Amino acid sequence: MSKQHEPRVLGHADEADGIEEYDNPLPDWWLGLFWLTIIWGGFYAVHYHFWGNRSQEGEFIAEMQAADERWPEQAQAAIQFAMSDAAVTSGEAVYQQNCFPCHGVNLEGGIGPAFDDDEWIHGGTADDVLRIIREGVLTKGMVAWEGILSPEQINDVTAYIVARNMDATGRTLDSYLASSGMDAEPAEADTVTVAPASDSQGSQSEPED
Amino acid sequence: MEPNSVAADSSRSAPAVTPNYDDGIVKMFFTATVIWGIVGMLVGVIIALQLAWWPANLNLPWTSFGRLRPLHTNAVIFAFAGNVCFTGIYHSMQRLLKTRMFNDTLSRIHFWGWQLIIVSAAVSLPMGLTQGKEYAELIWPIDVAVTLIWVAFAINFFGTIAIRKVQHLYVAIWFYMSFVLTIAVLHIVNSLAIPATLLRSYPIYAGLTDGLVQWWYGHNAVGFFLTTPFLGLMYYYLPRAAERPVFSYRLSIIHFWALVFLYIWAGPHHLLYSALPDWAQTLGMVFSVILIAPSWGGMLNGLLTLKGAWDRVRTDPILKMMVVAVSFYGMSTFEGPMMSIRAVNGLAHYTNWVIGHVHSGALGWVGMMSFGMLYWLAPRLFNRPLAYPKWVSHHFWLATIGIVIYTVAMWAAGLMEGLQWRAINDAGQLVNPIFLDITARLQPFMLLRLLGGGMYLVGAIMMGINFWQTVNGPERPEEADALPQAA
Ligand code: HEM
Ligand code: HEM
């Protein structure tokens, strides 16, 4: 093995089961890459934490602010429930695309509670239904649909559920709107839940099939 | 003895004084490797099938994905890769140190203890007995057994180094040492738990601390179980198979120390955008990026060692396997640091991209390095030429094409789901609000992965048959000439 450019071998072979090792220097580009990443690493850390004063939380806040600026009405939009035939029709489409896997094709329930009866775990007014659709019941697996469905879609699917519930139970439209006056004040969330929920606590645990 | 002959076969010119090596233990680990390799990959193919076609869960708790997945990871990492390392270490260290193992009984305790641990894992995991920490699922009694067996191995290993007949410790031995030491520390620290019953225990860490310790362990399981021992194997078997000197001794020293120092800090790249404090996330990210060069040092030393043997690489499937292994090592150690960058990880995390990354390292680097080593070793260990030499080449192509199909499918799937999860339309709504819709779109990629993984498995089974026939097959007339010089 005598080539022209053969670099020096170290001569350890008899101590390494015959494996020789060359005395080659570190490749320049390899060493350069190593230094480059080290310098970049120091620079990045200082930049992130000091010069740029960045943080995970800051990133989140900035992203939310940008979204609020881009879609301002959405950030505020409190949905006023509005019932109409058009709303029911379009609501049916929303329901049959998103809600039926848990609540049943005919609103008969399943994984989630039924809408063809008089029992409402979280309150039985249109505003209650709207609120649950928007905010979800995360502990029980109900999705918060705000941000997934548009405000109109949430209104329409509520209209669809109300209309079908009227058919099934014979309630009047007014009875769904009854409490609407009650939560004219912005923090409507708690006021509505307390009253109607108490009598249906028992059925809360397991909606039968 | 032979100052100028380069990586020549030393045993040929070292006559009567050949030490009395313990090759029996090597044969035992060799056999276990092949069996567990096939089992682990078979379970991999089964869970790949389950992800593509859910009825394969069989509607039984014991065969459901959630229980078979940890069986797969434990089988391929600790049973397959573990036994590969032990095979290579017991074979090469005796030769590198010119001495028999320190204590034959310890070798046997190590072997049987380890196989028993694997069997108990294979029973307990499908039963649903788990600690729920990835790659550290085994329940506490098995954890204790692992510790005891590892200590037996460590005594035997360092004992052998103590009684060595050479001064110089070859680079492969350093890598083995980092494996033996670091795995002991990682396993013990991460597994600390208070037993409640025989089958249940509570970790001594809580919440975020538990998470951080877990991924310090998890990442270094990759680093010190799937990387450093395999680099050690590469440093022995690649120059032996290529019959070429190692490219650079200096590079091997620098990249060894840089690698073992840096790896230990990189765990937080598994916890980016979590409750982990920002500074710790930065630490993990920066150390991961700095890991590129030290990792590539290993790849370079492998590839440049083959320089001058390229004509043989073209014809010798064993060298081809090693080239592919080292190339995938370089690829996945570039991909990993990129995935450690916050912005990239925000996209890649939770997606199949991570699965693609895992298997380019696991199938490409770990698997191919193992196959190359086993094929080189088999005729030397069992003193008979391979029964079906051509099959080695078939195996090489099946595995290589299989890896490419597997990883490309997972990259595509990962990018697709990552982008679809976050896509927002002009109205500020999610474009794909139903998570399940995106999941359902993954099916073609899941089927492709099944195909790629299936090809990989077929290759491994062919290897198993080849070895079986090599050891047990009838004597072949051409045998005498075909045998390589004893190792
Ligand atoms: C025939 C070959 C193989 C197939 C078909 C296969 C298939 C799979 C599948 C389907 C998963 C679960 C992915 C998921 O949860 O989405 C998985 C996970 C995993 N496999 Fe494999 N595998 C194979 C070989 C290997 C080998 C040889 C190794 C290691 C040496 C390995 C290491 C892993 C690891 C570490 C994970 C967990 C990844 C994570 O949690 O991110 N696999 N494999
Ligand atoms: C410098 C080298 C490497 C770096 C910096 C690195 C980095 C990473 C990163 C950032 C992830 C994704 C974590 C997440 O988002 O969940 C990951 C996952 C993973 N990598 Fe690597 N990687 C490297 C090399 C390797 C190699 C060579 C292998 C295999 C032999 C490997 C095996 C894995 C495994 C098994 C996981 C999945 C862990 C889990 O269960 O979630 N990595 N790696």
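**A look at the coordination of the iron atom of ligand 1**
Residue and element names in this part refer to chain B.
Then step 1. Here the iron atom of ligand 1 is held by the protein donor atoms His72 (NE2) and His359 (NE2), which lie 2.0 Å from it.
Then step 2. In this structure, the iron atom of ligand 1 is coordinated by 6 donor atoms arranged in octahedral fashion, with angles at the metal of 87 to 179°. Of this pair, histidine 72 sits in helix α3 (residues 65–97) while histidine 359 sits in helix α15 (residues 352–382); the two residues are 287 residues apart in sequence, bridging distant segments of the chain.

**Overview of the packing of aromatic side chains**
For any pair of aromatic rings, the description consists of the separation of the ring centres together with the inter-plane angle of the planes.
Residue and element names in this part refer to chain A.
Then step 1. Within the structure shown, the criterion is met by 46 aromatic pairs over all chains.
Then step 2. Arranged with centres 5.4 Å apart and planes meeting at 50°, the rings of tyrosine 95 and tyrosine 160 form a pair that is tilted. Of the two residues, tyrosine 95 is situated in helix α4 (residues 85–98) and tyrosine 160 in helix α7 (residues 151–169); the sequence distance between them amounts to 65 residues.
Then step 3. Since its relative accessible area comes to 0%, tyrosine 95 is described here as buried.

**Let's talk about the confidence of the model for chain B**
All names here are of chain B.
Then step 1. Across chain B, pLDDT averages 94, with 95% of residues at or above 70.
Then step 2. For the stretch residues 1–16, pLDDT sits under 50, and the model shows 32 contacts to residues farther than four places along the chain or on other chains.
Then step 3. For this predicted complex, the interface confidence score (ipTM) comes to 0.91, while the overall pTM stands at 0.86.

**Topic: the interface of chain A and chain B**
Then step 1. Taken residue by residue, the interface counts 44 residues in chain A and 60 residues in chain B.
Then step 2. Interface of chain A and chain B: buried area, both sides summed, is about 4,500 Å²; carbon and sulfur atoms make up 61% of it.
Then step 3. Broken down residue by residue, the surface that chain A buries against chain B is led by A:Glu15, A:Asp17 and A:Trp30, which jointly contribute 15%.
Then step 4. At the junction of chain A and chain B, the tally comes to 3 salt bridges.
Then step 5. Between A:Asp23 and B:Arg250 there is a salt bridge whose closest N-O contact spans 3.7 Å.
Then step 6. For the pair chain A and chain B, the interface holds 20 residue pairs in polar contact (both at pLDDT 80 or more).

**Points about the site of ligand 1**
Residue and element names in this part refer to chain B.
Then step 1. Taken together, 25 residues sit near ligand 1, with Arg69, His72, Glu134, His359 and Ala362 positioned nearest.
Then step 2. One of the side-chain N or O atoms of arginine 69 is found 2.7 Å from an oxygen atom in ligand 1.
Then step 3. Contact distances for ligand 1 include 3.4 Å between an oxygen atom and a side-chain N or O atom of tyrosine 135.
Then step 4. Secondary structure elements with two or more residues in the shell around ligand 1: α2 (24–52), α3, α15 and α18 (443–472).

**Regarding the site of ligand 2**
All names here are of chain B.
Then step 1. If you check the shell around ligand 2, you find 23 residues, and the closest are Glu134, Tyr135, Asn345, His349 and His357.
Then step 2. Take tyrosine 135: an N or O atom from its side chain is 2.7 Å from an oxygen atom of ligand 2.
Then step 3. With respect to ligand 2, the side chain of histidine 357 contributes an N or O atom lying 2.9 Å from a nitrogen atom.
Then step 4. Contributions of two or more residues to the shell around ligand 2 are made by α7 (207–225), α13 (317–339) and α15.
Then step 5. Considering each element in turn, the shell around ligand 2 owes the most residues, 5 residues, to α13.

**Some points on the side chain of A:Asn155**
Then step 1. Note that A:Asn155 resides in helix α7.
Then step 2. Within polar-contact distance, the side chain of A:Asn155 engages the backbone nitrogen of A:Ala82 at 2.9 Å.

Definitions and cut-offs
- Residues numbered from 1 in each chain as written.
- Chains lettered and ligands numbered in written order.
- Predicted model: local features only at pLDDT ≥ 70, side-chain atom pairs only at ≥ 80, totals over all residues.
- Heavy atoms only, no water.
- Donors = N, O, S within 2.8 Å, 3.2 Å for Na, K, Ca; no water.
- Tetrahedral: all angles 85-135°; square planar, octahedral: opposite > 155°, others 65-115°.
- Helix = DSSP H or I, 4+ residues; strand = E, 2+ residues; numbered from the N terminus.
- Phe/Tyr/Trp six-rings, centres within 6.5 Å; stacked < 30°, edge-to-face > 60°.
- Buried < 20%, exposed > 50% of the residue type's maximum accessible area, 1.4 Å probe, protein only.
- pLDDT = per-residue confidence, 0-100.
- Contact = heavy atoms within 4.5 Å.
- Buried area = accessible area lost by both parts, 1.4 Å probe.
- Salt bridge = Lys/Arg side-chain N within 4 Å of Asp/Glu carboxyl O.
- Polar contact = N/O pair within 3.5 Å; in protein donor to acceptor, adjacent residues only side chain to side chain.
- Near = heavy atom within 4 Å.

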